[in-house]
Amino acid sequence: MGDHHHGPAKGLSRWLFTTNHKDIGTMYLWFSFSMFILGGAFAMVIRAELFQPGMQLVNPAFFNQMTTLHGLVMVFGAIMPSFVGLANWMIPMMIGAPDMALPRMNNWSFWILPPAFLILASTLFMEGGAPNFGWTFYAPLSTTYAPPSVTYFIFSIHVLGLSSIMGSINIIATVMNMRAPGMTYMKMPLFVWTWLITAFLLVAVMPVLAGAVTMMLMDIHFGTSFFSAAGGGDPVLFQHIFWFFGHPEVYIIILPAFGVVSQIIPTFSRKPLFGYDSMVYATAAIAFLSFIVWAHHMYTVGMPVAGELFFMYATMLIAVPTGVKVFNWVTTMWRGAMTFETPMLFCMGFLVLFTIGGFTGLMLSIAPADFQYHDSYFVVAHFHYVMVAGAVFSMSAAVYYWLPKWCGRMYNETMGKTHFWISFVGFNITFFPQHFVGLAGMPRRIPDYALQFADFNMMSSIGAFIYGASQILFLYNVIATIVAGKPTSEAKTWEGAEGLEWTVATPAPYHTFETPPQVR
Amino acid sequence: MLRVSSNPVVDTVVKLASTAVIMFAFVFVVMVPLYNVLCDALGINGKTSGEAYTSVQAGVDESRTVTIQFVATNNEGMPWDFGPSVTMMKVHPGASNDTVFHARNPLPKAMVAQAIPSVSPSRAAAYFHKTECFCFNQQPLDGDSSAEMPLQFIIDRDLPSDIHTITLSYTIFDVTDMVGGSIAAR
């Protein structure tokens, strides 16, 4: 594995025209981190305003823009591209392929992303302000009552949807066609499996999202009435279409995280993953179920009882494959020779907190109970436990785990562990109290609240500032590692690590597996 | 399995790209009509049929009386005076009933309105047959003028026996700007 081939081009054009999966992976990761900081800044505005009851810092209109952009930027700008970046870096190296199947398309799918978010962010400076209808953009808030900038929002959703579809087609084409000889499907690392299934979900539902925003565009500008009752349409239809996309979307976010955790826990338990086959089947089962549970997001729209029951039981069914996964991870650790380096700490944080998020999800799935929880802070607490402690924690784990392989330098373990503990404590101070205020009746997406919620909201805000600050430490640690970390050239950074990515040199050369390895 | 190209990568890409296009079309040609069909078939959303009912001779069930309440609401920004001439009627299932709603356009300009019905309890929607309704069509009204808008309906004899009161609610929308461009199916 030499660099006898040509190396990277020099200067800016290396990044603009690159077709190298590692370069593109790196760009995705940095882009998503910058979006994570931007979305985090929006969250800080929200928490600062909610620090005390009453209106303190921003007006309600701007507050609504912050909640909307925070959600959109975090979901579409931070979490999704970060896992695409990880897929670009790791999938070819994990299956013994020299690059992605479609390197040129790979370049395009990355480079249309920054303009899409530039457009979305620019709406903040437009007349009438940025989108203010929540990241779920329910009609008619996003059609009849939307600010004029909604058209730019629609365009940016179209572009980022296109980017996602191109990226996932590339991943499927790579996994299906570029595996090294002997790398059968059931020998693939679980991260590759979860991404393969995620990519199929993306190809199936991103066009549905594109359809929903196209209908909004037509309602706003071309006189149709898909979501307008005046013309015979129905706003509830919007919710059905949105959540038909939206529920698979939450698994699009969490399945790659499952994959990361399934790579890291065996390494630091020094045991193979327990129940590999059942992990693959559980992932596929979750993906299938994600298509038949969407209406549990909208129990209160007035469905027939039979519909509520169907969606309730189908939703509860998801706990079975998810439980299989959680028990497999725990069983992998059972009697393992465990050590607790930073990636493992994040995975264990993931395991505990994601399970809490799963349980609150189970509570929300109960239709009659959901009538109380619906649109309350309980929902906010629930999805931050699965999105932040699920997806973001696993992403942090992935960065610490593979960073030495990427740049040939070791991160500072003490700083990494500090990052974990501050994140863990800050996260729980932020979101645990939100369960209580939610159950007590505090609605989500409001800039002001009743006085009895003041103490818990102040706690939440303090926790959020702590959590936010810990991410600056993360950024510092990563940059310090790249610039001045302790050099390492061990192919296997972690003694318990298994997989093809640990057989190439450290740092990973620009081109790897130009001659495919033989997998036995 | 069907192969569209001898190059396996091209084959995968073409199939996946087609899937994406099909899913985009699926939203428009399957999800929207299916939603409307399901709402009609299951009688949910309290939507009554958008087409005139052809009555069948079944006789009037004199033994039963059902209270019909009429409610009228203006959608936000709709300036018309709009309301039922009577707010409540007692009717027998199977009998044909007439009432009128009146509307007045107080503005100096001509406008077009659309009334959207909704029945509560929504279970009753399938048994609320309209033989004639102003809601079947858009209602144009010249500036500063008024109109009587007729409604003729029959309550089905099969109306579940536990339903004693039905509320028919109309919300009137200003569709002046949409007229001509409306393609959504009613």
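Rules used in this analysis
Residues numbered from 1 in each chain as written. Chains lettered and ligands numbered in written order. Predicted model: local features only at pLDDT ≥ 70, side-chain atom pairs only at ≥ 80, totals over all residues. Helix = DSSP H or I, 4+ residues; strand = E, 2+ residues; numbered from the N terminus. Buried ≥ 20, exposed ≤ 12 C-beta atoms within 10 Å, placed from the backbone. Contact = placed C-beta atoms within 7 Å. Pairing = 2+ DSSP bridges. Axes fitted to C-alpha atoms, helices over the stretch in contact; angles between N-to-C directions. Core = buried A, V, L, I, M, F, W, Y, C linked by C-beta atoms within 7 Å. Domains from an automatic or database assignment. Expected span 1.5 Å × (residues − 1). Bend = angle between axes of the 7 residues up to and from the residue. Arc of directions from axis to C-beta. Parallel < 35°, antiparallel > 145°, perpendicular 65-115°, else oblique. Left-handed = near helix turned anticlockwise from the far one by under 90°. pLDDT = per-residue confidence, 0-100.

Participant: Explanation requested: the overall build of chain B in the structure shown.
Facilitator: The helix and strand tally for chain B stands at one helix and nine strands. Along the chain direction, N to C, the helices and strands of chain B fall in the order α-β-β-β-β-β-β-β-β-β. Projecting the C-alpha coordinates of chain B onto the three principal axes gives extents of approximately 75 × 50 × 25 Å. Within the span of chain B, comprising 186 residues, buried residues form 28% of the whole. The long-range share in chain B, meaning contacts at least 24 apart out of those at least 6 apart in sequence, stands at 74%.

Participant: Is there a simple way to think about the sheet that holds strand E2 (residues 81-84) of chain B in this case?
Facilitator: What links the strands of a sheet is backbone hydrogen bonding, and the strands pair in either a parallel or an antiparallel sense. Residue and element names in this part refer to chain B. Spatially, four strands are ordered E2-E4-E8-E6 in an open sheet, and the strand pairing comes out antiparallel. Each edge of the sheet is formed by a strand with only one pairing partner; in this case those strands are E2 and strand E6 (128-133). Pairwise comparison of adjacent strand axes, ignoring direction, gives a mean angle of 25 degrees for this sheet. In this structure, E2 lies alongside strand E4 (residues 96-105), joined through four bridges in antiparallel fashion. Bridge pairing in E4 places Pro-84 opposite Phe-101.

Participant: Just to check I follow, could you spell out the sheet that holds strand E1 (residues 66-74) of chain B for this structure?
Facilitator: All names here are of chain B. The five strands are arranged E3-E1-E9-E5-E7 in an open sheet whose pairing can be described as mixed. The sheet is open, and its two borders are formed by strand E3 (88-91) and strand E7 (139-141), each paired with just one other strand. Strand-to-strand twist across the sheet, computed as the mean angle between neighbouring axes with direction ignored, equals 30 degrees. Note: strand E5 (residues 111-120) against strand E9 (residues 165-174), eight bridges, orientation antiparallel. Paired with Ser-118 across the strands is Ser-169, a residue of E9.

Participant: It is not clear to me how the nonpolar core should be interpreted in this structure. Could you clarify?
Facilitator: Counting 172 residues, the largest nonpolar core has A:Val192, A:Ala212, A:Cys347, A:Phe350 and A:Ala397 as the members making the most contacts within it. The residues touching A:Ala397, leaving out its near neighbours within four places in the chain, are A:Val260, A:Ile264, A:Pro343, A:Phe346, A:Cys347 and A:Phe350. Within the second largest apolar cluster, 30 residues are counted, among which are B:Trp80, B:Ile116, B:Ile155 and B:Ile172.

Participant: When you look at the interface of chain A and chain B in this model, what are you seeing that I'm missing?
Facilitator: Quoted interface sizes are often the accessible area lost when the parts come together. With 31 residues of chain A in contact, the opposing surface of chain B contributes 31 residues. Contributing elements (two or more residues each) for the side of chain A that touches chain B: helix H6 (150-177), helix H7 (190-221) and helix H8 (235-269) of chain A. With seven residues, H7(A) is the largest single contributor of residues to the side of chain A that touches chain B.

Participant: Please clarify how the environment of A:Asn170 should be interpreted in this entry.
Facilitator: Residue and element names in this part refer to chain A. In this fold, Asn-170 is placed in helix H6. Along the chain, Asn-170 and Met-105 lie 65 residues apart, while their C-alpha atoms are 7.6 Å from each other. In this structure, Asn-170 is in contact with Met-100, Ala-101, Leu-102, Met-105, Asn-106 and Ser-109, ignoring residues within four places of it in sequence.

Participant: Please clarify how the environment of A:Leu16 should be interpreted in this entry.
Facilitator: All names here are of chain A. Topologically, Leu-16 is positioned in helix H1 (residues 12-17). On the basis of neighbour count, Leu-16 is assigned to the exposed category, with 11 C-beta atoms found within 10 Å. The spacing of Leu-16 and Trp-108 is 92 residues in sequence and 9.6 Å in space, taken between C-alpha atoms.

Participant: Help me understand the domain arrangement of chain B, please; the structure alone is not making it clear to me.
Facilitator: Its domain assignment divides chain B into domain 1 (1-42) and domain 2 (46-174). Each of domain 1 of chain B and domain 2 of chain B has a C-alpha centre, and these two points are 40 Å apart.

Participant: I'm lost on the pairing of strand E8 (residues 145-155) of chain B in this one. Help?
Facilitator: Along any regular strand, the residues point their side chains to alternate faces of the sheet. Residue and element names in this part refer to chain B. In terms of strand pairing, E4 meets E8 through 10 bridges, oriented antiparallel. By the bridge assignment, Asn-97 is partnered in E8 with Phe-153. Here E6 pairs with E8 via five bridges, running antiparallel. Along E8, the bridge assignment pairs His-129 with Ile-154.

Participant: Which parts of the structure should I look at to understand H7(A)?
Facilitator: In an α-helix, one turn spans 3.6 residues; hence positions three or four apart end up facing the same way. All names here are of chain A. Taking 1.5 Å per residue, 32 residues should reach 46 Å; H7 reaches 46 Å between its end C-alpha atoms and fits that length. Of all bends in H7, the biggest is about 30 degrees, found at Val-203, and the proline Pro-207 comes one to four residues later. Of all 32 residues in H7, 27 are buried; the element is thus mostly enclosed.

Participant: Got a minute to help me understand helix H9 (residues 276-289) of chain A in this structure?
Facilitator: Residues and elements named next belong to chain A. Between its first and last C-alpha, H9 extends 20 Å over 14 residues, near the 20 Å set by a 1.5 Å rise per residue. Among the residues of H9, those classed as buried are Met-279, Ala-282, Thr-283, Ile-286 and Ala-287. Angular distribution of buried residues about the axis of H9 spans 135 degrees; they occupy a single face of the element. Elements in contact with the buried residues of H9: H7, H8 and helix H11 (319-333).

Participant: For this particular structure, what's the right way to read the packing of H7(A) against H8(A)?
Facilitator: The relative placement of two packed helices comes down to the angle between their axes together with the axis-to-axis distance. Residue and element names in this part refer to chain A. Two numbers describe how H7 lies on H8: the axes approach to 8 Å, and their chain directions differ by 165 degrees. Accordingly, the angle class assigned to the pair H7 and H8 is roughly antiparallel. The crossing of H7 and H8 is left-handed.

Participant: Explanation requested: the confidence of the model for chain B in the structure shown.
Facilitator: If pLDDT is low for a region, its predicted coordinates should not be looked at in detail. All names here are of chain B. The pLDDT averaged across chain B works out to 85; a share of 91% of its residues lies at or above 70. No element of chain B has a lower mean pLDDT than E5, at 87, and none a higher one than E3, at 94. Long-range and interchain partners of residues 181-186, a stretch whose pLDDT sits below 50, account for 16 contacts in this model, where long-range means more than four residues apart.

Participant: Honestly, unusual backbone geometry in this entry has me stumped. Any pointers?
Facilitator: With glycine set apart, most residues show a phi of negative sign, and most peptide bonds adopt trans. A:Thr506 connects to A:Pro507 through a cis peptide bond whose omega is -5 degrees. Following the sequence through the fold, A:Pro507 ends up in the segment after strand E2 (486-487). Each neighbour pair has its own omega, and for B:Ser120 with B:Pro121 the value is -5 degrees, a cis peptide bond. Tracing the backbone through its elements, the reader meets B:Pro121 in the loop between E5 and E6.

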